[in-house]
Amino acid sequence: TPDGKTLVVDELSLGLAGGLPSTTKKMRRNHTRVSAVLEQPVDLEQVSADDFDLVFYPGGHGPMEDLAYDHRSGELLRERLESGRPLALLCHAPAAVLATVDEAGHSPFSGRRMTGLSNREELFNSFARKAPWLLEDKLKEMGVNYSKGRLPLRSYVVVDGNLCSGQNSKSAAELAQRLVADLSR
């Protein structure tokens with residue numbers, strides 16, 4: 001995380017908006033199981049993307065609030081994309097690519113095919129009213145070739161070379177299966 005800050009759980013994802021009660025109970029149990037690791041994150045300044053087979057950014061509003069503006073995260077994403085090694089972004093995580101825009105307004109993600117949480121899906125969420133910008137709009141503004149599934153809240157995955165993106169949390173399983181298959185080759 002930026003500055004090694006402890007992760008904050010999006011309580012909305014663990015409530016009614018997170019799915020059926022059985023799903024959110026399972027997510028809470030999983031969170032409790034890994035909480036010791038989550039409470040001691042590594043500072044992004046100490047991370048080298050080359051140390052990993054896959055760089056994966058999960059969703060949630062964190063990427064929109066901090067990673068979209070974090071210089072080091074932007075460097076990691078830029079380096080990883082240009083390396084040709086696997087990079088995956090899920091739901092709100094594509095917001096982090098905003099930090100790859102240079103002083104001249106260019107980004108290696110411009111022109112790349114990607115997805116991320118759509119404006120329509122964000123508007124289902126009570127946070128959209130407070131957000132200064134919506135992800136779909138920002139990705140299009142920076143020149144990303146953004147696409148989304150025909151129906152909101154359904155799995156939709158886009159692959160462009162080494163860049164894989166999933167539109168929403170429903171895309172997590174399909175994205176994971178794709179990544180495991182790619183990494184198993």
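Each value, and the rule that gives it
Residues numbered from 1 in each chain as written. Predicted model: local features only at pLDDT ≥ 70, side-chain atom pairs only at ≥ 80, totals over all residues. Heavy atoms only, no water. Helix = DSSP H or I, 4+ residues; strand = E, 2+ residues; numbered from the N terminus. Contact = heavy atoms within 4.5 Å. Core = buried A, V, L, I, M, F, W, Y, C linked by side-chain atoms within 4.5 Å. Buried < 20%, exposed > 50% of the residue type's maximum accessible area, 1.4 Å probe, protein only.

What follows concerns the side chain of D160. Mapped onto the elements, D160 comes out in strand β5 (residues 157-160). Beyond its immediate chain neighbours, meaning those up to four positions away, D160 contacts R112 and R113.

Time to look at the environment of V9. Assignment of secondary structure puts V9 in the segment before α1 (21-38). Distance in space between the C-alpha atoms of V9 and H31 is 8.9 Å, their sequence separation being 22 residues. Beyond its immediate stretch of four places on either side in the chain, V9 contacts L14 and H31.

To continue, consider the nonpolar core. Core analysis: the largest hydrophobic core is formed by 35 residues, its most contacted members being Y57, L77, L87, L89, V97 and F109. Counting residues per element, the ones that place at least two in this core are β1 (55-57), α3 (71-83), β2 (87-90), α5 (135-141), β5, β6 (163-166) and α6 (172-183). Counting residues per element, this core draws most heavily on β2, at 4 residues. Each residue touching L89, except ones within four places of it in the same chain, is listed here: Y57, L77, P94, V97, M114, L163, C164, S165, G166 and L175.

Just distances and angles here, no functional claims.
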